[in-house]
Amino acid sequence: FAIHPTRCESVAWISERKDVLYTFFYLLSLIAYIYYIQKQYKLKYYIVSFIFFTVSILSKYAAVILPFFLFAIDYYYNRKFNAKLVLEKIPFLIISIISTTIHFILPEVINSNNIITADYQYYDRIFLGSYALMYYIIGSVLPLKLSLIHPYPLKSNNLLPIEYYISTIVIIIIISILIWLLRKNFKYKKDYILGIIMFILPLTLVLHIIPFGGNIIVGERYSYISYIGLFFILSRLYCNIIDLKPNIKIYLSIVLIFITACFSLITYNRNKVWKNSITLWTDVIEKYPCVIAYNNRGTAKMLLKDYRSAIDDFDKAIIIKPDAYTYFSRGVSKLNLKDYRNAIEDINKGLLLSPDDFKAYDSRANARIQIGD
């Protein structure tokens with residue numbers, strides 16, 4: 001888990017410090033809750049668990065699912081389901097409800113959801129979610145095509161790419177096999193169930209079944225806490241195999257050392273991508289040449305006063321999909337190169353798409369001053 005390449009995004013990206021923070025307090029809350037169960041329900045451990053949960057949800061909204069995972073902990077420790085069990089979770093659930101209410105009235109969340117809803121039907125969310133889940137499962141063992149941006153798929157004849165439908169079929173098969181296996185009684189069954197819940201539960205917030213803000217179909221950072229559950233399952237499986245066939249421990253150890261070395265190397269190289277904005281967005285462009293990547297790299301070049309190179313990026317973004325931001329940015333780049341008339345032309349195009357951008361009028365005024373208008 002610690003050296004897995006998908007961890008880079010949460011650790012190297014300073015804005016995603018919230019991932020590390022919320023996970024830290026999330027796990028402390030779980031540990032305190034386990035002590036609460038093991039120490040004959042001493043109130044101090046319950047209070048500590050609640051405080052850590054509150055701090056976790058203040059770090060990142062994703063901690064909202066912790067109260068539901070507490071029920072999985074209860075199941076793991078053979079606690080009888082009754083009114084007391086539910087009442088224990090009420091304070092946690094109140095904090096979750098308050099946080100959810102605040103989160104979903106934020107303008108940026110509402111606006112992002114409206115954009116997504118406009119592009120995809122509600123039944124599409126099933127296929128989007130299945131694809132995302134398959135990505136996280138496959139990515140745990142084959143972390144390929146890592147990228148800050150994984151854009152939403154383009155629809156053709158109102159259909160998603162074929163892999164989205166195939167993913168749904170595979171997920172149905174996996175769920176069917178799991179249900180069949182978990183219906184049987186075997187040693188450490190609860191370990192596997194706990195790991196599955198810990199993997200799936202945090203991802204329910206980002207599998208597109210429930211609309212959420214954002215412009216990506218999957219994100220490495222979304223798997224941060226979920227992969228603890230996944231590797232918990234793999235750890236238990238490893239131990240079970242060793243118990244059944246002790247003589248293959250050496251071979252499994254060699255495989256694990258090899259995988260660890262590979263992941264470490266990929267992680268080391270992946271961290272280099274996060275050196276600066278140019279390296280980061282260049283990496284995205286190599287994998288997904290999308291508007292946001294060209295725009296952001298162009299903006300980074302503008303800050304370095306490399307205006308000609310920035311214009312090249314804005315040109316490519318406009319070819320993919322013209323938008324106001326790109327026209328304004330290209331116009332400002334031309335303004336800095338003293339190409340005033342073409343700067344005015346670009347800003348005019350941008351104002352047709354976004355007529356309320358006061359900075360654009362300011363830039364156009366500056367360009368007109370330079371040509372004596």
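Cut-off values and rules
- Residues numbered from 1 in each chain as written.
- Predicted model: local features only at pLDDT ≥ 70, side-chain atom pairs only at ≥ 80, totals over all residues.
- Heavy atoms only, no water.
- Helix = DSSP H or I, 4+ residues; strand = E, 2+ residues; numbered from the N terminus.
- Buried < 20%, exposed > 50% of the residue type's maximum accessible area, 1.4 Å probe, protein only.
- Contact = heavy atoms within 4.5 Å.
- Lys, Arg positive; Asp, Glu negative; His and termini not counted.
- Charge placed at Lys NZ, Arg CZ, Asp CG, Glu CD.
- Patch = residues over 30% accessible without salt bridge, like charges linked within 9 Å, V, L, I, M, F, W, Y side chains within 5 Å.
- Areas by Shrake-Rupley, 256 points an atom, 1.4 Å probe, with all protein chains shown as cover.
- Salt bridge = Lys/Arg side-chain N within 4 Å of Asp/Glu carboxyl O.
- Expected span 1.5 Å × (residues − 1).
- Core = buried A, V, L, I, M, F, W, Y, C linked by side-chain atoms within 4.5 Å.
- Polar contact = N/O pair within 3.5 Å; in protein donor to acceptor, adjacent residues only side chain to side chain.
- Phe/Tyr/Trp six-rings, centres within 6.5 Å; stacked < 30°, edge-to-face > 60°.
- Axes fitted to C-alpha atoms, helices over the stretch in contact; angles between N-to-C directions.
- Parallel < 35°, antiparallel > 145°, perpendicular 65-115°, else oblique.
- Nonpolar A, V, L, I, M, F, W, Y, C, P; charged D, E, K, R; others polar.
- Left-handed = near helix turned anticlockwise from the far one by under 90°.
- pLDDT = per-residue confidence, 0-100.

(A) Geometry of the overall build of the protein. Per the secondary structure count, the protein includes 17 helices and zero strands. The proportion of buried residues among the 373 residues of the protein is 43%. Within the protein, counting contacts between residues at least 6 apart in sequence, those at least 24 apart form 69% of the total. Taking the 41 positively charged and 26 negatively charged side chains of the protein as two groups, their mean positions are separated by 12 Å.

(B) Inspection of a nonpolar patch on the surface at higher detail. Together, F81, V86, L87, I90, I94, I98 and I102 make up a nonpolar patch on the protein surface, roughly 650 Å² of accessible area in all. Relative to the helices and strands, L87 is located in helix α5 (residues 83–104). In this structure L87 comes out as exposed when scored by relative accessible area, which is 58%.

(C) Region of interest: helix α11 (residues 249–273). Between its first and last C-alpha, α11 extends 36 Å over 25 residues, near the 36 Å set by a 1.5 Å rise per residue. What α11 keeps buried is the set F263, T267, R270 and V273. On the buried face of α11, the contacting elements are α1 (8–12), α7 (124–141) and α12 (277–287).

(D) Spatial organisation of unusual backbone geometry. We note that N78 has phi near 60 degrees; this positive angle belongs to a residue other than glycine. Of note, K305 is a non-glycine position whose phi angle comes to about 65 degrees, a positive value. Among the secondary structure elements, K305 is positioned in the loop between α13 (291–303) and α14 (307–320).

(E) Quick look at the nonpolar core. Y26, L30, F69 and Y136 are the most contacted members of the largest nonpolar core, which totals 61 residues. Apart from residues lying up to four places away in sequence, Y26 is in contact with S56, A63, I65, L66, F69 and I225.

(F) Molecular detail of the environment of L304. Secondary-structure assignment places L304 in the loop between α13 and α14. Residue L304 is classed as exposed on the basis of its relative accessible area, which comes to 61%. For the pair formed by L304 and L252, sequence separation is 52 residues and the distance between their alpha carbons is 50 Å.

(G) Focus on the side chain of K301. Summarising the element assignment, K301 is placed in helix α13. Assessed through its relative accessible area of 11%, K301 is described here as buried. Reaching out from K301, the side chain makes a polar contact with the side chain of D313 at a distance of 3.0 Å. Ignoring any residue separated from it by four or fewer positions in sequence, one finds K301 in contact with I278, D306, S309, A310 and D313.

(H) Local environment of the packing of aromatic side chains. Using the criterion set out here, one finds 19 aromatic pairs in the structure. When the ring of Y131 is compared with that of Y164, the centres are 4.1 Å apart and the planes differ by 20 degrees; the resulting orientation is stacked. Taken together, the residues Y131 in helix α7 and Y164 in helix α8 (residues 162–182) connect sequence positions 33 residues apart. A relative accessible area of 21% means that Y131 is categorised as partly exposed.

(I) Focus on the environment of A72. For A72, the position within the fold is in helix α4 (residues 66–76). Leaving out residues up to four positions away in the same chain, A72 has contacts with L194 and I197.

(J) Highlighting the packing of helix α10 (residues 226–244) against α11. At a minimum axis separation of 10 Å, α10 and α11 run at an interaxial angle of 155 degrees. Compared by their axis directions, α10 and α11 come out roughly antiparallel. Two secondary-structure elements touch here, α10 through Y238, I241 and I242 and α11 through K249, L252, S253 and L256. By residue class, the composition of the contact of α10 with α11 is five nonpolar, one polar and one charged.

(K) Layout of the packing of α7 against α10. One can describe the packing of α7 onto α10 by two numbers: an axis separation of 11 Å at closest approach and a directional angle of 55 degrees. When the axes of α7 and α10 are compared, the pair comes out oblique. As for the relative orientation of α7 and α10, their crossing is right-handed in sense. Residues Y136, G139 and S140 of α7 lie in contact with α10, whose contacting residues are Y227, L230 and F231. The residue inventory of the contact of α7 with α10, partitioned by class, reads four nonpolar, two polar and no charged.

(L) Looking closely at the environment of G229. By the element assignment, G229 lies in helix α10. Among the residues examined, G229 registers a relative accessible area of 0% and is labelled buried. Considering only alpha carbons, one finds G229 and V218, 11 residues apart in sequence, at a separation of 18 Å. In this structure G229 touches G195, M198 and F199, once residues within four positions along its chain are discounted.

(M) Region of the structure containing the confidence of the model for the protein. Per-residue confidence for the protein gives a mean pLDDT of 92, with 95% of residues at or over 70. By mean pLDDT, the top-scoring element of the protein is helix α3 (residues 43–59) (97), and the lowest-scoring one is helix α6 (residues 107–119) (53).

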